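Fold and contact review
Below, each chain spelled out in residue letters.
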Amino acid sequence: MKRERKLDKMVITSEAQYKEAYKKSVEDPQAFWAGIAENFQWHKKWDRVLSYDWSVPETKWFEGGKLNITENCLDRHLKERGQQTAIIWEPNDPGDDVRKITYAELHEYVCRFANVLKDNGIGKGDRVCIYMPMLIELTVAVLACARVGAIHSVVFAGFSARSLATRINDSQCKMLITADGGFRGTKNIPLKEIADEALDHCPSVENVIIYKNTGQSIEWVSERDHWWHLETRNASPEFTAEVMDAEDPLFILYTSGSTGNPKGMVHSCAGYMVYTTYTFKNVFQYKDGDIYWCTADIGWITGHSYIIYGPLAAGATTLMFEGIPSYPDNGRFWEVCAKHKVTHFYTAPTAIRALEKHPVSLVEKHDLSGLKVLGSVGEPINREAWMWYSKHIGKDKCPVVDTWWQTETGGILISSLAGVTRQKATFATLPMPGIQAILLDNEGKELKSDTAEGTLAIKYPWPSIARTIYGDHDRYKKVYFSAFKDHYFPGDGALKDEEGNYRITGRVDDVVIVSGHNLGTAPIENAINEHEMVVESAVVGYPHPIKGNALYAYVITYSNTEEANQKLEDEIKGLVARTIGAIAKPEEIQFVPGLPKTRSGKIMRRILRKVASGECENLGDTSTLLNPDIVNEIISGKVNTN
Ligand code: WT7
């Protein structure tokens, strides 16, 4: 049977085509994006491709267009691939049953649940909070919201009651969808209990729907609480999708700012759909029959864009994993790849670094011959991790796409296209078509020379840019559009090589000025990480009476004897001096058993900065950390800097 090939028309298959597409996207962005948008299903096409004014700031794509994203993710596939697996679900416990759901089944399930939402008073524009483990039902809940036109706000199921309540209240959610509990490794997270605690402070929530997952006993609030299975049982398997305006909000997703409350980034329907699908197809070069696995949690933007929306709109088979990379052992990722014959594997550098320190036999005992493409996302990938990933996982035959983007950008902005454009270790490489990336100096002047290093900025809108921060457009303007006039400011530093490849060097807010020299902490960490005994490091600045600021390095090593560490300290300083310059040598090095990490794997530098500065009393909220206990261990081993 002939498959639906329309989406394949947007796929770039050679370097020359990439160049051509990029050129067109800059010379005539509107014609370029209109051409891409033609490949989707619309109730009515747009009147205008783009209007924007970044002094407001305001960006509108495909205005006048009418659509529902779930018709593009589900209905349009029914005829040609209704029986194809849409989602493979791998349980936390490898002994439990795998679940597979076809496009036809997923369509039906989403329609049923959309009816449940409607029957519980949810309609267009209502906010619905989803606080669920990595289950197929999480995807169903997300898509059902989109189908009725409600705005979903997924909160990662590892967040505390307080974090959950803050997010629910910020966007005044009317409903919460959760589960009794969730399995993660050996842990059982009592989600309903946490949700109950949060809901004591959330008057806007009228109804709670609970999916029975672990079967553990839970408290019940009659009138408010409803079982998922009972509600769904008699719901109709048909639901006519709400017709949405292109610019109607699709979802809110919270991301932490450097200060203050989390920012509820608002993404809208049409532009987000077009851009995530376009980048999914092109970056990963996914083909019919491939099995794609992104290890992120759907609580993060990576999960929204590249587990759910991009892959499903593209008609792919996407894998969802309930568990964690270290359970039951540190070979789990590779076991899952072999078990499901995964072709595309997309994960974060922090996971690679964590797995790289375990015996390679844990990799080698699994058959990874099905892998075709590897991806990285979330932070700069250091050379060692890149090499290990490429060699041991990709067997030196899989392209590695290092994808740079943000919650705010909705989709990947800079990345190579797997096997199509050139890759370069530690470089995200070239901007996607439509992405006009530039480097600026500290005065906001564009650095036009072939090679340069500066602050990254984007000078033209792309379809999936977040339209605002929920309830706080002023903050949106201040954070993203005020650093440089009429430019989007992502807050990352980058350098560019002769061929225009970008290497993201790290957050510019992590710049430390030591004796008048601006030093990015990311390159120093990279240098330290080059040492074969180093697992991971974090470098921060602290006030120094003479230098203004000095550098303090927290280093995790493979060995932990005092003797070895003494020697290592000298070697690390020498290594940094050689790679970057003597000025970048850390003043102090503390060997630590771990680093405080956010749930998405980012090092919490705010805490490390405070500890290095000797302000150990007032560390702020550490409840969102993945490993809060590490903070006290670090404090007790602190090097005296006063
Ligand atoms: C920040 C955005 C994108 C989804 C996951 C994180 C850093 C992300 C890369 C990369 C270097 C990267 C940036 C960015 N980042 N990907 N490939 N290379 N840095 O989303 O939580 O919104 O974080 O992550 O610093 O600004 P996020």
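Only a predicted model underlies this, so the values are computations on that prediction, with no experimental measurement involved.

Each value, and the rule that gives it
- Counting of residues starts from 1 at the beginning of each chain's written sequence and follows it residue by residue.
- Restriction of local features to residues with pLDDT of at least 70 applies here, the model being predicted, together with a cutoff of 80 or more for giving and counting side-chain atom pairs; totals for whole chains, interfaces and linings are based on all residues.
- The side-chain numbers reported here are obtained from all heavy atoms of the structure, hydrogens and water having been left aside.
- Just so you know, the domain bounds were taken from an automatic or database domain assignment.
- The contact definition used throughout considers only heavy atoms, calling two residues in contact when any of these lie within 4.5 Å.
- The term salt bridge refers to a pairing of a side-chain nitrogen on Lys or Arg with a carboxyl oxygen on Asp or Glu at a separation within 4 Å.
- Each helix is a run of DSSP H or I of at least 4 residues and each strand a run of E of at least 2, with the numbering of both proceeding from the N terminus.
- Exposure classes here rest on a 1.4 Å probe applied to the protein chains alone. A residue is buried below 20% of its type maximum, exposed above 50%, and partly exposed in between.
- Classification of ring pairs rests on two measures: the distance between centres of Phe, Tyr or Trp rings, Trp counted by its six-membered ring, which must be within 6.5 Å, and the angle between planes, read as stacked under 30 degrees, edge-to-face over 60 and tilted in between.
- Each ring is checked for a lysine NZ or an arginine CZ that lies within 6 Å of its centre and within 35 degrees of its normal; such an atom marks a charge sitting over the ring.

**Some thoughts on the domain arrangement of the protein chain**
Here the protein chain is partitioned into domain 1 (101-245) and domain 2 (515-636). For domain 1 and domain 2, the distance between their C-alpha centroids amounts to 40 Å. Tallying the contact residues gives six residues for domain 1 and four residues for domain 2. In this assembly, domain 1 and domain 2 are joined by zero salt bridges.

**Notes on the pattern of salt bridges**
Evaluation of the coordinates by the stated rule reveals 32 salt bridges. In this structure, Asp245 engages Lys66 in a salt bridge whose closest nitrogen and oxygen atoms are separated by 2.4 Å. Taken together, the residues Asp245 in strand β13 (residues 244-245) and Lys66 in strand β3 (residues 66-67) connect sequence positions 179 residues apart. On the basis of relative accessibility, which here comes to 31%, the residue Asp245 falls in the partly exposed class. The partner of Lys192 in a salt bridge is Asp196, and the shortest N-O contact between them spans 2.9 Å. With Lys192 and Asp196 both in helix α7 (residues 191-199) and four residues apart, the pair spans about one turn of that helix. Comparing Lys192 with Asp196 shows no difference in burial state: the two are buried.

**Overview of the packing of aromatic side chains**
The full count for this structure, using the stated rule, is 48 aromatic pairs. Measuring from ring centre to ring centre gives 6.4 Å for Trp33 and Trp61, while their planes differ by 80°; the resulting arrangement is edge-to-face. Note that Trp33 is positioned in helix α2 (residues 29-37) and Trp61 in strand β2 (residues 58-63), a separation of 28 residues in sequence. Considered together, Trp33 and Trp61 belong to a single accessibility category, that of buried residues. Seen from their ring centres, Phe159 and Trp300 are 5.9 Å apart, and the 85° between their planes marks the pair as edge-to-face. Taken together, the residues Phe159 in the loop between β7 (151-154) and α6 (161-170) and Trp300 in the loop between β16 (291-294) and α10 (301-313) connect sequence positions 141 residues apart. A single burial state applies to Phe159 and to Trp300, both of which are buried. Looking at Arg167, its charged tip hangs above the ring of Phe159, at a distance of 4.4 Å from the centre. Note that Lys212 overlies the ring of Trp227, its terminal NZ or CZ placed 5.0 Å from the centroid.

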